[in-house]
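Listed here are the chains, written in short residue letters.
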Amino acid sequence: MSKKGDFGAVKKDIEALMHQPEYDDGSAGPVLVRLAWHSAGTYDAETDTGGSNGAGMRYEAEGGDPANAGLQHARVFLEPVKAKHPWITYADLWTLAGVVAIQQMGGPTIPWQGGRTDYVDDSKIPPRGRLPDGALGADHLRFIFGRMGFSDQEIVCLSGAHNLGRCHSDRSGFDGAWVNNPTRFSNQYFRLLLSLQWRKKKLSNGIEQFVNFDDDTGTELMMLPTDIALTQDPIFRQWVIKYADDKELFFKDFSSVFSKLIELGIQRDENGHITNIDNEKGGYHS
Ligand code: CCH
């Protein structure tokens, strides 16, 4: 067991579990990033509900949301880390794991601060349906991310996380990976959105997605309708072009926007101490 507050020790153990030869593309990274995102992406700025604090996904109300199907794999990967460092809250562990995973897959360093609690305030539990639906379009994205307080540029930037991982027919119903190397963080997702021909395909479960089949390599890549919407909406498209052209800019912007995502609903004083969480209820100030 590490000393309370030794986040560096936790980081090392998260890094050590990233390599998972039997799982998906050989890495726990992508699903850990999705866990961090879904833990935070329920935030509603107007009512100040949802967000990463509380780690509500441990319970059926949030964990059983069909949008969160498959994220138990990420939570199971992290259990040994929690067992070894019992002082860390799940809310901190999940967000930290996302940040560590992005960095280990070649992405930018993302500012992260601890202090979230695992206390679930019943009045702050987000209703289901706060997370985006991949079958929809640009209006839906603005509605969902606008609720969290994100701009058009930030929506496009965050979507660049689809450079990682894949869709699973037994989780979301969509199927396949967005890019050729889904365990390496880059701006390839934006480049492929613009450079490949995407055609609509109806899967055997009735779900529609976009695909590109490469005759030379025999590989099929995919895009969700929401991904394609980024190229069709004129404002979103400008940002897709910028991020496709400029990997450095994408990395820089992604670092700040992901950091903003995992801080939604959290207020801190100048020392980084969270001020809007009752420390008696499981909060922990480093
Ligand atoms: Fe996503 N995402 N995501 N996504 N996502 C899926 C998988 C990943 C949407 C839908 C899906 C973000 C935004 C959106 C990841 C990170 C982010 C899947 C497949 C769907 C569907 C799930 C499955 O079947 O396993 C939609 C719609 C949006 C709207 O914008 C944002 C923002 C992020 C992070 C910043 C990652 C990573 C994955 C891969 C997970 C894995 O298991 O490989």
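Because the structure is a prediction, the values reported are computed rather than measured. (Residues numbered from 1 in each chain as written. Predicted model: local features only at pLDDT ≥ 70, side-chain atom pairs only at ≥ 80, totals over all residues. Heavy atoms only, no water.)

J.: Provide a residue-level description of the overall build of the protein chain, including the pertinent values.
T.: Of regular secondary structure, the protein chain possesses 11 helices and 5 strands. Compactness check: the protein chain gives a C-alpha radius of gyration of 18 Å against a globular reference of 19 Å for 286 residues, within 12% of the reference. Across its three principal directions, the C-alpha atoms of the protein chain cover 55 × 40 × 40 Å. Among the 286 residues that make up the protein chain, the fraction classed as buried is 55%. Sequence-distant contacts, at least 24 apart, represent 68% of the contacts inside the protein chain between residues at least 6 apart. Entry remark: accessible area of the protein chain is about 13,000 Å², with carbon and sulfur atoms responsible for 48%. Of note, the protein chain has its 30 positive side-chain charges centred 1 Å away from the centre of its 39 negative side-chain charges. (Helix = DSSP H or I, 4+ residues; strand = E, 2+ residues; numbered from the N terminus. Rg over C-alpha atoms; globule rule 2.2 N^0.38 Å. Buried < 20%, exposed > 50% of the residue type's maximum accessible area, 1.4 Å probe, protein only. Contact = heavy atoms within 4.5 Å. Areas by Shrake-Rupley, 256 points an atom, 1.4 Å probe, with all protein chains shown as cover. Lys, Arg positive; Asp, Glu negative; His and termini not counted. Charge placed at Lys NZ, Arg CZ, Asp CG, Glu CD.)

J.: How would you sum up the nonpolar core? Please name residues and give values.
T.: Ranked by size, the top nonpolar core spans 80 residues in total, and within it Ile14 and Phe258 carry the most contacts. At 10 residues, helix H5 (residues 90-104) tops the list of elements feeding residues into this core. Mapped onto the domain boundaries, this core takes at least three residues apiece from domain 1 (7-131 + 259-281) and domain 2 (138-253). Beyond its immediate stretch of four places on either side in the chain, Ile14 contacts Leu78, Val81, Leu93, Leu96, Ala97 and Val100. (Core = buried A, V, L, I, M, F, W, Y, C linked by side-chain atoms within 4.5 Å. Domains from an automatic or database assignment.)

J.: How would you summarise the site of the ligand if you had to cite specific residues and measurements?
T.: Neighbouring residues of the ligand: 25 residues in total, closest Trp37, His162, Arg166, His168 and Ser172. Contact distances for the ligand include 2.7 Å between an oxygen atom and a side-chain N or O atom of His168. Measuring from an oxygen atom of the ligand, one finds a side-chain N or O atom of Ser172 at 2.6 Å. Secondary structure elements with two or more residues in the shell around the ligand: helix H2 (29-40), helix H6 (138-148) and strand S1 (166-167). Sort the elements by how many residues they give to the shell around the ligand and H2 lands first, with 5 residues. Per-class residue counts for the shell around the ligand are 15 nonpolar, 6 polar and 4 charged. (Near = heavy atom within 4 Å. Polar contact = N/O pair within 3.5 Å; in protein donor to acceptor, adjacent residues only side chain to side chain. Nonpolar A, V, L, I, M, F, W, Y, C, P; charged D, E, K, R; others polar.)

J.: Give me the pattern of salt bridges: which residues, what numbers.
T.: One pass over the full model with this rule turns up 13 salt bridges. Linking Lys260 and Glu154 is a salt bridge whose minimum nitrogen-to-oxygen distance equals 3.1 Å. In this pair, Lys260 sits in helix H11 (residues 247-261) while Glu154 sits in helix H7 (residues 152-159), placing the two residues 106 residues apart along the sequence. With a shortest N-O distance of 3.1 Å, Glu220 and Lys201 are connected by a salt bridge. With Glu220 in strand S5 (residues 219-223) and Lys201 in strand S3 (residues 199-202), this pair connects stretches of sequence that are 19 residues apart. In this structure Glu220 comes out as partly exposed when scored by relative accessible area, which is 32%. We classify Lys201 as partly exposed; its relative accessible area is 27%. (Salt bridge = Lys/Arg side-chain N within 4 Å of Asp/Glu carboxyl O.)

J.: Tell me what's going on with the sheet that holds strand S4 (residues 208-214), and back it up with residues and numbers.
T.: Across the sheet, 3 strands lie side by side as S3-S4-S5; this open sheet has antiparallel pairing. Whereas interior strands pair on both sides, the edge strands pair on one side only; in this sheet they are S3 and S5. The average undirected angle you get between the axes of adjacent strands in this sheet is 50 degrees. Both S4 and S5 contribute to a ladder of 5 bridges, which runs antiparallel. (Pairing = 2+ DSSP bridges. Axes fitted to C-alpha atoms, helices over the stretch in contact; angles between N-to-C directions.)

J.: Which residues make up the domain arrangement of the protein chain, and what values go with them?
T.: By a widespread convention, an interface's size corresponds to the accessible area lost as its parts come together. Segmenting the protein chain into domains produces domain 1 (7-131 + 259-281) and domain 2 (138-253). Computed from C-alpha atoms alone, the centre-to-centre distance between domain 1 and domain 2 is 23 Å. Contacts between the two partners involve 26 residues from domain 1 and, on the opposite side, 18 residues from domain 2. Overall, the association of domain 1 and domain 2 removes approximately 1,900 Å² of surface from exposure, summing both partners, and the carbon and sulfur fraction of that is 61%. For the domain 1 face of the interface with domain 2, the top three residues by lost area are Asp25, Met105 and Lys260, together amounting to 26%. Counting across the interface, domain 1 meets domain 2 through 2 salt bridges. Viewed at the interface, domain 2 and domain 1 are joined by 9 residue pairs in polar contact (both at pLDDT 80 or more). Elements that contribute at least two residues to the side of domain 1 that touches domain 2 include exactly H2 and H11. Among the elements that line the side of domain 1 that touches domain 2, the one with the most residues is H2, at 4 residues. Residue classes in the side of domain 1 that touches domain 2 are distributed as 14 nonpolar, 7 polar and 5 charged. (Buried area = accessible area lost by both parts, 1.4 Å probe.)

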